[in-house]
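Chains, contacts and geometry: an overview
Read off the chains here:
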Amino acid sequence: MPDLDRSALIENRINSGILGQWYPVAKSVEVKSISPLGIEVLGEKLVLWRGDNGKVHCIKDQCPHRGAPLSFGRLHEGHISCRYHGIVVSGEGVVVRVPAMQNCKFEGQKIVRAFEVTEIYDAIFIYMPSAENEKAPRMVFPKEFLSDSWSGFLCTAVWKTNYRYALDNLADPMHGSYLHAESFTLAYGAKEDLFKVDHTENGFIVSRTGQLGKNFDWAEFEMHDGTMFCFLDIPYPKAAGPGGNMRIVGFVLPINENSCKVFFWRMREVSGIQRDCWRFLYRTELESKHWTVLEQDREILEAMSDDVRGNEKLYQHDVGVNRIRQTLLKQAKSNVDFELNIEGKS
Ligand code: FES
Ligand SMILES: [Fe+2]
């Protein structure tokens, strides 16, 4: 394979989304046992539903008969049935029944692709297999999900832009002092700074060198086998009630090449009465303020043209942007080289 083709495959893979990763795909409350939910993940149409025992299933959203979307179907006894001619498929992708045809040979066959599912902290995650890792590695959860001392709320939003812009945005703390300068939380600190990137045990942290704890001053990315997420702190003013900073734990789902969905857990390390206070204030006062900030991100990213990468003039404060791009490049190379290796051997 010429190197040019390999480069194109790698670029395409970065653009469509890295395989071999766990991605959040929906809020838990969106997946019900009375009706299926159709979703798109890395350009693939999938369907989710909750089985009778509460377990969430995810299979390809395409009937094995003539390809109708299974998400148009109904749920029966934990399985999904196609709206078009009634084929019943299990959460494992096995055809359970073909009601329009006696003794159909497809009954009992696993002919629909099924995906591994994990549910944690109000969200459904699915694993998108790669050629090198067909079986899902154990998902590594952000430590805040596993600790009782953190309390949080999941907010999700669809952004009509490639997911790479959302990741770049998270790796770019400087924009807090400009784009969000008039906001409730991000109006403070210097408007000029230098940045540095430090290695951490599982990834990297990009931070301002001139100030910490005044604005969106750092962002940390963790990369594990099959899981990538980031977190950052937003200092809270006194009006946000007792407790420390707000921490955002963020995942980004590539829906397709033109849109993504951000999953941001807004969390605070609080307990007892402080915890009740934060949850009350969040619902009554803070949530709408945070949405205003998130909308500023969405609006500017959606307005950026898709081919802007060829015309960028990056400078020192883009060290974090550079680093997250290198991370995606490395992951995409690993995906593509493994696939090419298999092809070469066959
Ligand atoms: S297309 Fe689904 S049963 Fe025919
Ligand atoms: Fe932002």
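Residues numbered from 1 in each chain as written. Chains lettered and ligands numbered in written order. Predicted model: local features only at pLDDT ≥ 70, side-chain atom pairs only at ≥ 80, totals over all residues. Heavy atoms only, no water.

1. As for the packing of aromatic side chains
Scanning all chains against the criterion turns up 14 aromatic pairs. Taken together, a centroid distance of 4.0 Å and an interplanar angle of 5° make the contact between Phe153 and Tyr282 stacked. With a gap of 129 residues between them, Phe153 in strand S11 (residues 150-159) and Tyr282 in helix H4 (residues 272-303) connect regions that are remote in the sequence. In this pair, the class of Phe153 matches that of Tyr282, namely buried. Relative to Phe251, the ring of Phe229 lies with its centre 5.4 Å away and its plane at 35°, an arrangement referred to as tilted. With Phe229 in strand S15 (residues 227-234) and Phe251 in strand S16 (residues 246-256), this pair connects stretches of sequence that are 22 residues apart. Each member of the pair, Phe229 as well as Phe251, carries the same accessibility label: buried. (Phe/Tyr/Trp six-rings, centres within 6.5 Å; stacked < 30°, edge-to-face > 60°. Helix = DSSP H or I, 4+ residues; strand = E, 2+ residues; numbered from the N terminus. Buried < 20%, exposed > 50% of the residue type's maximum accessible area, 1.4 Å probe, protein only.)

2. Thoughts on the coordination of the iron ion (ligand 2)
For the iron ion (ligand 2), the protein coordination sphere consists of His175 (NE2), His180 (NE2), Asp297 (OD) and Asp297 (OD), at 2.1 to 2.5 Å. Given four donor atoms and angles of 56 to 148° at the metal, the environment of the iron ion (ligand 2) is assigned as irregular. If you list the donors of the iron ion (ligand 2) from N- to C-terminus, the spacing comes out as H-x4-H-x116-D. With His180 in the loop between helix H3 (163-170) and strand S12 (195-200) and Asp297 in helix H4, this residue pair connects regions lying 117 residues apart in the sequence. (Donors = N, O, S within 2.8 Å, 3.2 Å for Na, K, Ca; no water. Tetrahedral: all angles 85-135°; square planar, octahedral: opposite > 155°, others 65-115°.)

3. Re the environment of Leu194
Following the sequence through the fold, Leu194 ends up in the loop between H3 and S12. Residues Leu194 and Val319 lie 125 residues apart in sequence; the distance between their C-alpha atoms is 9.6 Å. Ignoring anything within four residues of it in the chain, the contact list for Leu194 reads Ser207, Arg208, Thr209, Gly210 and Gln316. (Contact = heavy atoms within 4.5 Å.)

4. Focus on the pattern of salt bridges
If you walk through the whole model with that rule in mind, you get 19 salt bridges. Taking the shortest distance from any N to any O, the salt bridge between Glu11 and Arg164 comes out at 3.0 Å. Here Glu11 is found in helix H1 (residues 3-16), whereas its partner Arg164 is found in helix H3, with 153 residues between them in sequence. Taking the shortest distance from any N to any O, the salt bridge between Arg298 and Glu302 comes out at 2.8 Å. Here the residue Arg298 and the residue Glu302 both occupy positions in helix H4, the gap between them amounting to four residues, near one helical turn. For Glu302, a relative accessible area of 27% gives the class partly exposed. (Salt bridge = Lys/Arg side-chain N within 4 Å of Asp/Glu carboxyl O.)

5. Topic: the pairing of strand S2 (residues 37-41)
Where S2 meets strand S3 (residues 44-50), five bridges bridge the pair, whose relative direction is antiparallel. Across the sheet, residue Gly38 finds its bridge partner in S3, namely Val47. Joining the antiparallel neighbours S2 and S3 is a turn of two residues, in which Leu42 adopts a positive phi near 50°. (Pairing = 2+ DSSP bridges.)

6. A short note on the side chain of Gln331
Inspection of the secondary structure puts Gln331 in helix H5 (residues 319-345). Residue contacts for Gln331: discarding those within four places in its chain leaves Ile18, Gln21, Met223 and Met228.

7. Remarks on H3
Within H3, eight of the eight residues are buried, which leaves the element mostly enclosed by the surrounding structure. Restricting attention to buried positions, one finds in H3 the residues Tyr163, Arg164, Tyr165, Ala166, Leu167, Asp168, Asn169 and Leu170. The N-cap of H3, judged by a side-chain oxygen 2.9 Å from the amide nitrogen of Arg164 a few residues on, is Asn162. (Polar contact = N/O pair within 3.5 Å; in protein donor to acceptor, adjacent residues only side chain to side chain.)

8. Remarks on the nonpolar core
Core analysis: the biggest nonpolar cluster contains 82 residues, and Val25, Val41, Leu48, Trp159, Phe221, Phe251 and Trp265 have the highest contact counts within it. Residue-level mapping places this core at the junction of two domains, with at least three residues from each of domain 1 (21-128) and domain 2 (143-330). Each residue touching Trp265, except ones within four places of it in the same chain, is listed here: Tyr121, Ala123, Phe125, Phe145, Phe153, Leu154, Arg247, Ile248, Val249 and Phe251. Counting residues in hydrophobic clusters, the runner-up holds 15 residues, among them Val47, Leu70, Ile80 and Cys104. (Core = buried A, V, L, I, M, F, W, Y, C linked by side-chain atoms within 4.5 Å. Domains from an automatic or database assignment.)

9. What to know about the domain arrangement of the protein
What the domain assignment lists for the protein is domain 1 (21-128) and domain 2 (143-330). The straight-line distance from the C-alpha centre of domain 1 to that of domain 2 is 33 Å. Of the residues lining the interface, 17 residues belong to domain 1; the matching set on domain 2 comes to 21 residues. Taking both partners together, domain 1 and domain 2 bury about 1,500 Å²; carbon and sulfur atoms supply 63% of that area. Taken together, domain 1 and domain 2 are joined by zero salt bridges. At the boundary of domain 1 with domain 2, the tally comes to seven residue pairs in polar contact (both at pLDDT 80 or more). At the level of elements, strand S1 (21-27), S2 and strand S10 (123-128) are the ones that each hand at least two residues to the side of domain 1 that touches domain 2. It is S1 that provides the largest number of residues to the side of domain 1 that touches domain 2, a total of seven residues. Residue composition of the side of domain 1 that touches domain 2, by class: 11 nonpolar, two polar and four charged. (Buried area = accessible area lost by both parts, 1.4 Å probe. Nonpolar A, V, L, I, M, F, W, Y, C, P; charged D, E, K, R; others polar.)

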